[in-house]
2 protein chains.
Amino acid sequence: MHRVFNFSAGPAMLPVPVLLEAQKDMLDYKGSGMSVMEMSHRSKVYDQIIVEAEADLRKLLNVPANYKILFVQGGGTQQFAMVPMNLMKNKKADYIISGHWSKKAFEEAQMYGQATAIATSSDKKFTYVPAVKHLNITPDADYVYMCQNETIHGNTMWEIPDTQGKLLVSDSSSCFLSEPLDVSRFGLIFAGAQKNVGPAGVTIVIIREDLLTDEVFPGTPTLMRYKIHAENNSMYNTPPCYAIYICGLVFKWLLSIGGLEEMKKMNEKKAGYLYDYLDHSRLFKGLVEKKDRSLMNVTFKTPSEEMDDKFVKEAKAAGFDNLKGHRSLGGLRASIYNAMPYEGVVALVDFMKQFEAKNL
Amino acid sequence: MHRVFNFSAGPAMLPVPVLLEAQKDMLDYKGSGMSVMEMSHRSKVYDQIIVEAEADLRKLLNVPANYKILFVQGGGTQQFAMVPMNLMKNKKADYIISGHWSKKAFEEAQMYGQATAIATSSDKKFTYVPAVKHLNITPDADYVYMCQNETIHGNTMWEIPDTQGKLLVSDSSSCFLSEPLDVSRFGLIFAGAQKNVGPAGVTIVIIREDLLTDEVFPGTPTLMRYKIHAENNSMYNTPPCYAIYICGLVFKWLLSIGGLEEMKKMNEKKAGYLYDYLDHSRLFKGLVEKKDRSLMNVTFKTPSEEMDDKFVKEAKAAGFDNLKGHRSLGGLRASIYNAMPYEGVVALVDFMKQFEAKNL
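Trainee: Any chance you could explain the interface of chain B and chain A here in plain terms?
Mentor: Size of an interface: often given as the accessible area lost when the parts come together. Contacts between chain B and chain A engage 66 residues on the former and 66 residues on the latter. For the pair chain B and chain A, the summed buried surface comes to about 4900 Å²; carbon and sulfur atoms form 58% of the total. By the criterion of area lost to chain A, the three top residues of chain B are B:L27, B:M37 and B:E38, representing 15% of everything that side buries. Scanning the region where chain B abuts chain A turns up two salt bridges. Along the contact surface separating chain B from chain A lie 26 residue pairs in polar contact (both at pLDDT 80 or more). Counting residues per element, the side of chain B that touches chain A draws most heavily on helix α1 (residues 16–24) of chain B, at six residues.

As structure tokens, this is what we get:
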């Protein structure tokens, strides 16, 4: 079996034990005589899968009892609309713009009311995260919106914003389950699965129960109402069953390695190794200010686009895939999510050192 | 390997060769060194998967060049909103109500304008399909909506309605790719994959290009605009990559067995065998008028609920799973989609005969 080190920003690497188990059970899940893909979502055998997945996620993140966990479709992009459609009661919301995705969410929210950018780091191409201590919050804003980890730029909002009592909503897609998170600080957290959690096609929403109301933007589709999903335990209609199953296997894998504290240590070790090399390299240069650097998406570049391209090409040939930066930004990016082993980062740094020696 | 005959209405059986191929390639898709679940949707290797899937579907259904094929999320339920949000320009639309799903679509459409039920078979619990020849069509209706096959009731609209020149929109979820379909008769066809096509989590939309406009209901989320999906070849955001891959394998399987003409013959043979038995049974009784019976979802019952339950239980123990009717209707249902082999139906009928002999 041939496996490469895959540095894709998402969909991304999954733990090998998860893939092996899915492979083993592909035609006959635990004696049920069928694939998980073939199961009625209303069957007992599938019910156990989704109930266990939710329970395991609850355990991993210590989700308080007054929060619901939802499995929905449409990715982060659909959340960009669902959040204001459901939560913008006063038709006002504040957005912290720390990169491409928070900017997209901000733009989408304009359709549903007055979205205000209360902080932004666009002046320096999102190479840092704006200060979130003394925010100029709109008095009757319904919520403050943030993106915890900007996948494209490679920055992380390490400090939870002081929202002066306002509801906090976070797109945590690309750092979800990479370390512990105090859910109680948020009103709503969402995460597209295709980074740390599972295959594309399922999005996890953690929402405080008091936010589940019938008061939504006029014309909000039934399927875009959080309350509908919550009341039906993510089964108002057929959920993305197989994607949820894989997420469940990932949750079990995370529990088996010791949970999110342990995962955090491993992620710090991996990212530390790569950043340490970048900080000393004479060819490669990190793009983000040290204090705001992401443990998940490491962005960097060489002195020229041509050299970047050469690196991507030679790296791919050597078994390091998807190191090209996002098309909107250029440069290079190594996404080192939970499932990327330490050995993968060490091997990448070795390869970068060789490349540096040959090309400096 | 233990496999049962799975009569689930969806998610439903998949062809064994498809599952075997997915199993084989789970950790290393054709030498790429990664699972399809782990691939960047912007990578060359994944691009080939989605492009081939679309091309194969186009071939199977003879999709005319002026129609776009989209892979979207949210299932039929999301389409119930997307259709009026995108197509109800005059805020009027006509709905043919032939069962649970067309009724749901009709109800959702009320949010976006004046939806009129121009025909219904609710008087006899949808045990037949209303006549669609001389419909009382609203003069300035934007479209006429139909559900080609009502999964819960087990009826099929065998005749394409005469819409007097109006746009025709069809929910074809549960008979999609079970036989040839003249796409040119429709403005838009959608189908949740989890019946005949693949796993839950992807919905196929076939839409005539002239319907792709910017004029949508106010507040329509970006991801719910057909034009956005079409312009971006279903890649405006991360699509449900793995589900699309499995659909692609199913398309190749359909082509390999001779396409939809051949599939139709096999489906007629399967359903014919089961209906023939039902028509002669003294214990079991089909629920739908002969002329409107579905080849996909065969609904029937015994003289009592207790007997129905007994049958479901004993059938499950004998390796025939998911024969319970939909919770909203009761009774029994055998869904015999494309992937259900003829042998499965023969074995079921044998079992039913034994059950009949013992319980009459």
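Back to the write-up after that little detour.
Trainee: How should I be thinking about the side chain of A:T299 in this particular structure?
Mentor: All names here are of chain A. As for its position among the elements, T299 is in strand β12 (residues 297–301). Residue T299 is classed as buried on the basis of its relative accessible area, which comes to 3%. Separated by 2.8 Å, the side chain of T299 and the backbone oxygen of H153 make a polar contact.

Trainee: Help me understand the sheet that holds strand β2 (residues 67–72) of chain A, please; the structure alone is not making it clear to me.
Mentor: Note on sheets: strands pair through backbone hydrogen bonds, and any given pair is parallel or antiparallel. All names here are of chain A. Here we have seven strands laid out as an open sheet, ordered β2-β10-β9-β8-β5-β3-β4, and mixed in their pairing. If you trace the sheet from one side to the other, it starts and ends with β2 and β4 (114–120), each paired once. Averaged over all neighbouring strand pairs, the angle between strand axes comes to 20 degrees, with direction disregarded. Looking at chain direction, β2 and strand β10 (residues 203–208) are connected through six bridges and run antiparallel. Paired with F71 across the strands is I204, a residue of β10. Taken strand by strand, helix α2 (residues 44–61) contacts β2 and β10, and its axis lies near 130 degrees from that of β2. Set on the sheet, helix α3 (residues 75–87) makes contact with β2, β3 (92–97), β5 (143–147), β8 (167–171), β9 (188–192) and β10; between it and β9 the angle comes to about 160 degrees.

Trainee: Help me understand the domain arrangement of chain A in this model?
Mentor: Residue and element names in this part refer to chain A. The domain architecture assigned to chain A consists of domain 1 (17–256) and domain 2 (258–359). The interface of domain 1 with domain 2 comprises 27 residues on the first partner and 26 residues on the second. Interface of domain 1 and domain 2: buried area, both sides summed, is about 2200 Å²; carbon and sulfur atoms make up 56% of it. Our enumeration of links across domain 1 and domain 2 arrives at zero salt bridges. At the surface where domain 1 touches domain 2, the tally comes to 16 residue pairs in polar contact (both at pLDDT 80 or more). Of all the secondary structure elements, the ones that give two or more residues to the side of domain 1 that touches domain 2 are α2, β6 (149–150), β7 (155–156) and α6 (241–256). With four residues, the top contributor of residues to the side of domain 1 that touches domain 2 is α6. Residues belonging to the side of domain 1 that touches domain 2 are distributed by class as follows: 12 nonpolar, 12 polar and three charged.

Trainee: Whenever I open this one, the sheet that holds strand β11 (residues 285–286) of chain A confuses me. Can you help?
Mentor: Residues and elements named next belong to chain A. Taken in spatial order, the three strands of this open sheet run β11-β12-β14, and their pairing is antiparallel. The open sheet is flanked by β11 and β14 (332–335), the only strands paired with a single partner. One ladder, built from two bridges, connects β11 with β12; its direction is antiparallel. Within β12, the position partnered with K285 by the bridge is K301.

Trainee: What is the right way to look at the packing of aromatic side chains in this model?
Mentor: Given two aromatic rings, one states the distance between the centres and the angle between the planes to describe the pair. Summed over all chains, the structure comprises 41 aromatic pairs over all chains. Both rings, one in A:F311 and one in A:F355, keep their centres 5.1 Å apart while their planes meet at 80 degrees; by these two values the pair is edge-to-face. On the criterion of sequence distance, the pair formed by A:F311 in helix α8 (residues 305–317) and A:F355 in helix α9 (residues 342–359) is long-range, its members being 44 residues apart. Grouping residues by exposure puts A:F311 and A:F355 together as buried. Aromatic rings pair up to connect A:F5, A:F7, A:Y277, A:F284, A:F300, A:F311, A:F320, A:F351 and A:F355 into one cluster. Residue placement shows A:K124 over the ring face of A:Y128; its charged tip is 6.0 Å from the ring centre. For B:K269, the ring lying beneath its charged end belongs to B:Y342, and the centroid distance is 4.1 Å.

Reading guide: rules and limits
Residues numbered from 1 in each chain as written. Chains lettered and ligands numbered in written order. Predicted model: local features only at pLDDT ≥ 70, side-chain atom pairs only at ≥ 80, totals over all residues. Heavy atoms only, no water. Contact = heavy atoms within 4.5 Å. Buried area = accessible area lost by both parts, 1.4 Å probe. Salt bridge = Lys/Arg side-chain N within 4 Å of Asp/Glu carboxyl O. Polar contact = N/O pair within 3.5 Å; in protein donor to acceptor, adjacent residues only side chain to side chain. Helix = DSSP H or I, 4+ residues; strand = E, 2+ residues; numbered from the N terminus. Buried < 20%, exposed > 50% of the residue type's maximum accessible area, 1.4 Å probe, protein only. Pairing = 2+ DSSP bridges. Axes fitted to C-alpha atoms, helices over the stretch in contact; angles between N-to-C directions. Domains from an automatic or database assignment. Nonpolar A, V, L, I, M, F, W, Y, C, P; charged D, E, K, R; others polar. Phe/Tyr/Trp six-rings, centres within 6.5 Å; stacked < 30°, edge-to-face > 60°. Lys NZ or Arg CZ within 6 Å of the ring centre and 35° of its normal.

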